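Residue-level listing of the chains:
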Amino acid sequence: MSDSIAPPAVLTERRGHVLEITLNRPEKKNPFNPEMLVRLADIWDELDADDDLRVAIMTGAGGNFSAGADLDRLVGALLSGAPPENEFEARLQDDLSLIYKGFLKEHQPKKPIIAAVEGYCYAGGTEILQAFDIRVAGANAQIAISEVCRGLFPMSGSTIRLPRQIPFTVACELLLVGEPISGTRAAEVGLVGHAVPDGEAMDKARALADKIAANGPLAVRGIKESIRAAAYLPEAEAFVREMEIGMGVMGSKDAREGPKAFLEKRPPVFTGE
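Residues numbered from 1 in each chain as written. Predicted model: local features only at pLDDT ≥ 70, side-chain atom pairs only at ≥ 80, totals over all residues. Heavy atoms only, no water.

**Structural notes on the overall build of the protein chain**
Working step 1: Scanning the protein chain from N- to C-terminus turns up twelve helices and nine strands.
Working step 2: Computed over C-alpha atoms, the radius of gyration of the protein chain comes to 19 Å, within 12% of the 19 Å expected from 2.2 N^0.38 for 273 residues, which places it in the range of a compact globule.
Working step 3: Dimensions of the protein chain along its principal axes, counting C-alpha atoms only, are 60 × 45 × 40 Å.
Working step 4: For the protein chain, the residues scored as buried account for 47% of the 273 residues in total.
Working step 5: Here the analysis covers contacts within the protein chain between residues at least 6 apart in sequence; of these, 67% occur between residues at least 24 apart. (Helix = DSSP H or I, 4+ residues; strand = E, 2+ residues; numbered from the N terminus. Rg over C-alpha atoms; globule rule 2.2 N^0.38 Å. Buried < 20%, exposed > 50% of the residue type's maximum accessible area, 1.4 Å probe, protein only. Contact = heavy atoms within 4.5 Å.)

**Let's talk about the layout of surface pockets**
Left-over empty space is what a probe sized like a water molecule reveals as it rolls over the atoms.
Working step 1: Empty space within the second largest pocket amounts to approximately 440 Å³.
Working step 2: Phe132, Asp133, Lys224, Ile227 and Arg228 are the residues nearest the centre of the second largest pocket, which is lined by 17 residues in total.
Working step 3: Taken together, the elements giving at least two residues each to the lining of the second largest pocket come down to strand E6 (134-138), helix H6 (158-165) and helix H10 (217-230).
Working step 4: If you tally residues by element for the lining of the second largest pocket, the top one is H10, at five residues.
Working step 5: Split into classes, the residues belonging to the lining of the second largest pocket amount to eight nonpolar, three polar and six charged. (1 Å grid on protein atoms, 1.4 Å probe; cavity = no way out; pocket = protein on both sides within 12 Å on 5 of 7 lines; lining within 4 Å. Points joined across faces, edges and corners; volume = space filled by probe spheres on them. Nonpolar A, V, L, I, M, F, W, Y, C, P; charged D, E, K, R; others polar.)

**So, the packing of aromatic side chains**
Working step 1: For the structure on display, the rule yields three aromatic pairs.
Working step 2: Taking the centre distance of 4.8 Å and the plane angle of 55° together, the rings of Phe32 and Phe103 count as tilted. Placement of the pair is Phe32 in the loop between strand E2 (18-23) and helix H1 (34-49) and Phe103 in the loop between helix H4 (97-102) and strand E4 (113-117), with a sequence separation of 71 residues. No difference in accessibility class separates Phe32 from Phe103, as the two residues are buried.
Working step 3: Positioned over the ring face of Tyr100 is Lys105, at 4.9 Å from the centre of the ring. (Phe/Tyr/Trp six-rings, centres within 6.5 Å; stacked < 30°, edge-to-face > 60°. Lys NZ or Arg CZ within 6 Å of the ring centre and 35° of its normal.)

**A short note on the pairing of E4**
Working step 1: Most of E4 is tucked away, with five of its five residues classed as buried.
Working step 2: Residues Ile113, Ala115 and Val117 of E4 are buried on one face, and the alternating residues Ile114 and Ala116, pointing to the opposite face, are buried as well.
Working step 3: Pairing geometry for strand E3 (residues 55-60) and E4, over three bridges, is parallel. Pairing of Met58 across the sheet is with Ala115, part of E4.
Working step 4: As defined by bridge partners, E4 adjoins E6 across four bridges and the pair is classed as parallel. (Pairing = 2+ DSSP bridges.)

**Some details on the environment of Ala195**
Working step 1: Secondary-structure assignment places Ala195 in strand E9 (residues 194-196).
Working step 2: The spatial distance from the C-alpha of Ala195 to the C-alpha of Gly138 is 5.5 Å, given a sequence separation of 57 residues.
Working step 3: Residue contacts for Ala195: discarding those within four places in its chain leaves Ala137, Ala139, Gly183, Thr184 and Ala187.

**Side note on the sheet that holds strand E5 (residues 120-122)**
Working step 1: If you trace the three strands from one edge of the open sheet to the other, you get E5-E7-E8, paired in mixed fashion. Edge positions in the sheet fall to E5 and strand E8 (181-182), since each has one partner strand and no second.

**Observations regarding the side chain of Glu127**
Working step 1: Inspection of the secondary structure puts Glu127 in helix H5 (residues 124-129).
Working step 2: The charged side chain of Glu127 is buried without a salt bridge, its nearest counter-charge being Arg161 at 7.2 Å.
Working step 3: Among the polar contacts made by the side chain of Glu127, one reaches the side chain of Ser158 at a distance of 2.8 Å.
Working step 4: Apart from residues lying up to four places away in sequence, Glu127 is in contact with Glu147, Pro154, Met155, Ser156, Gly157, Ser158 and Arg161. (Lys, Arg positive; Asp, Glu negative; His and termini not counted. Salt bridge = Lys/Arg side-chain N within 4 Å of Asp/Glu carboxyl O. Polar contact = N/O pair within 3.5 Å; in protein donor to acceptor, adjacent residues only side chain to side chain.)

**A word on unusual backbone geometry**
Working step 1: Here the phi dihedral of Ala123 falls at roughly 50°; this positive angle occurs in a residue that is not glycine.
Working step 2: Turning to its location among the elements, Ala123 is positioned in the loop between E5 and H5.
Working step 3: You will see that Lys265, though not glycine, has its phi angle at about 55°, which is positive.
Working step 4: Its place among the elements puts Lys265 in the segment after helix H12 (253-263).
Working step 5: When its relative accessible area of 77% is taken as the criterion, Lys265 is described as exposed.

As structure tokens, this is what we get:
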């Protein structure tokens, strides 16, 4: 077994309370290989565990978000049972659930995550996109769930998530035809929240992240938790869960600091307590 000497497949950078994540295989349009998915699985844990981090942004290097799964090293290698070539393939072979944790199918960070999409966002790129709370795309980004064109099934949740997030017939067309839509069209149908001039997706994502990071972190996490819980509960049960989460936030020091700062006409100093 030999470790690759290539640059890491995922890069991270802290900017204040914001964690910036960059898919970093630009020579192939950032396809997901074992290293990328294992690193992402670890990054989601880091985001949850570090109280200084309040929000994350994910984008892709080289002007593309992601062209999808690496059909050679991810699909081919894992299905063939070939010996692992590096520590990341070994970890995936030992624990295949890391694939879906990396893809955010079976794990959802407690803190908000924002996607900044430019260029190609195909297959697995669009599957993971659906797990993000806020999504920004360049107007001419190409967004597709293209697995069906290769005789493959989108295994990271798209047949479940997409019809719940956008109009049913639009979701079916994306899944069954496999052709891309632009960032502008994605905004029209609600798959992304903002379509911006090409090259400006990260700027918009950073502006949104900075606003979230300035808000009360307990309130932010509680609101996300309540939104996610309500999606799978009857309304009456969702109200009960909302009250439980909300009362926890309202009893915090931050909930006292916010109104106090407002009355004193100063920015609040939130500590997450």
